Amino acid sequence: MDAQNSTDQGLSLDEIRAQWASERPDLDTAPMGLIGRMGRVARLLSREMDATFARHGLNAASFDLLATLRRAGPPHALTAGELMARMMITSGTVTNRINRLETQGLVARRSDKEDARRAIVGLTETGFALIDRAVEDHVATQKRLTELLSGEEFAQLDGLLESWLGRLSEAGKDG
């Protein structure tokens, strides 16, 4: 098995495609190889980033909420509705995440001075310090992972994925 296609999960994608070619030679499994490789890359990247978050006592969901508040700029606070829109999650999901982070002392709710029915969720000092450390570590992890590509490979892959993502998004709007 070549290292590029093998994983600790068993058969390489090329071996899987060869099996399909034997059983169903009428099928073009080239997309299966491409999408399978992308899925495996995504899982490996997620595993590395999850380990980074865990070093800070976070998971991907809690990191996402804290990072969304941090990058919002001073006063590092948003309404639940703004969090939902920026994170593209449901109200129940955002409420659950806020509750967990509030219990940990990383965020705090306060009344919205303009609308008493709304709450503003903001980083606490502890939450601010934690997300600053975690995001530095996260960016370093992403850099370490992408440095496995040459500068040219990085630019090509980034451009291709950006283009494909745009086309997929447009195609999804039409359907």
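Procedures and definitions
- Residues numbered from 1 in each chain as written.
- Predicted model: local features only at pLDDT ≥ 70, side-chain atom pairs only at ≥ 80, totals over all residues.
- Heavy atoms only, no water.
- Helix = DSSP H or I, 4+ residues; strand = E, 2+ residues; numbered from the N terminus.
- Buried < 20%, exposed > 50% of the residue type's maximum accessible area, 1.4 Å probe, protein only.
- Contact = heavy atoms within 4.5 Å.
- Polar contact = N/O pair within 3.5 Å; in protein donor to acceptor, adjacent residues only side chain to side chain.
- Expected span 1.5 Å × (residues − 1).
- Arc of directions from axis to C-beta.
- Core = buried A, V, L, I, M, F, W, Y, C linked by side-chain atoms within 4.5 Å.
- UniProt positions renumbered as here; feature names shortened; annotations may be inferred.
- Phe/Tyr/Trp six-rings, centres within 6.5 Å; stacked < 30°, edge-to-face > 60°.

- The name that an unreviewed UniProt entry assigns to the protein is DNA-binding transcriptional regulator, MarR family, with the source organism given as Celeribacter neptunius.

**Remarks on the environment of Thr-52**
Part 1 of the argument: You can see Thr-52 is positioned in helix H2 (residues 30-54).
Part 2 of the argument: A relative accessible area of 1% means that Thr-52 is categorised as buried.
Part 3 of the argument: Leaving out residues up to four positions away in the same chain, Thr-52 has contacts with Asp-137, His-138 and Thr-141.
Part 4 of the argument: Polar contacts involving the side chain of Thr-52 include one to the side chain of Arg-55, which spans 3.1 Å.

**Structural notes on helix H5 (residues 91-103)**
Part 1 of the argument: Across its 13 residues, H5 extends 18 Å between first and last C-alpha, which sits within 8% of the 18 Å expected from 1.5 Å per residue.
Part 2 of the argument: Taken together, the buried positions of H5 are Val-94, Arg-97, Ile-98 and Leu-101. The buried residues of H5 occupy one face: seen down the axis, they fall within an arc of 100 degrees.
Part 3 of the argument: Looking at the buried positions of H5, the neighbouring elements they touch are helix H3 (60-71), helix H4 (80-87), strand E2 (107-111) and strand E3 (119-123).
Part 4 of the argument: Where H5 ends, the next residue or the one after it, Gly-105, has phi of about 75 degrees, a positive value.

**Looking at H3**
Part 1 of the argument: Spanning twelve residues, H3 covers 16 Å between terminal C-alpha atoms, matching the ideal 16 Å at 1.5 Å per step.
Part 2 of the argument: Three or more residues of H3 are buried, namely Ser-62, Phe-63, Leu-65, Leu-66, Ala-67, Thr-68 and Leu-69.
Part 3 of the argument: The N-capping residue of H3, defined by a side-chain oxygen 3.0 Å from the backbone nitrogen of Ala-61, is Asn-59.
Part 4 of the argument: The positive-phi residue at the C-terminal boundary of H3 is Gly-73, with phi of around 85 degrees.

**Observations regarding the nonpolar core**
Part 1 of the argument: Within the largest apolar cluster, 22 residues are counted, with the highest numbers of intra-cluster contacts made by Leu-58, Leu-65, Leu-66, Leu-69, Leu-83 and Val-107.
Part 2 of the argument: Among the secondary structure elements, those contributing two or more residues to this core are H2, H3, H4, H5, E3 and helix H6 (125-146).

**Some words on the UniProt feature "domain: HTH marR-type" (unreviewed entry) in the protein**
Part 1 of the argument: As annotated by UniProt and renumbered to match this structure, "domain: HTH marR-type" (unreviewed entry) occupies residues 31-166.
Part 2 of the argument: As annotated, residues 31-166 comprises 70% helix and 10% strand, and the C-alpha atoms at either end are separated by 18 Å.

**Brief notes about the side chain of Thr-68**
Part 1 of the argument: By secondary structure assignment, the location of Thr-68 is in helix H3.
Part 2 of the argument: Other than its neighbours up to four places away in sequence, Thr-68 contacts Leu-78, Leu-83, Arg-86 and Met-87.

**Considerations on the packing of aromatic side chains**
Part 1 of the argument: In the structure shown here, the tally under the stated rule is one aromatic pair.
Part 2 of the argument: Aromatic side chains Phe-53 and Phe-63 sit 4.4 Å apart centroid to centroid with 25 degrees between the ring planes, which places their arrangement in the stacked category. Of this pair, Phe-53 sits in helix H2 while Phe-63 sits in helix H3, and the two are ten residues apart along the sequence.
Part 3 of the argument: With relative accessibility at 6%, the residue Phe-53 sits in the buried group.

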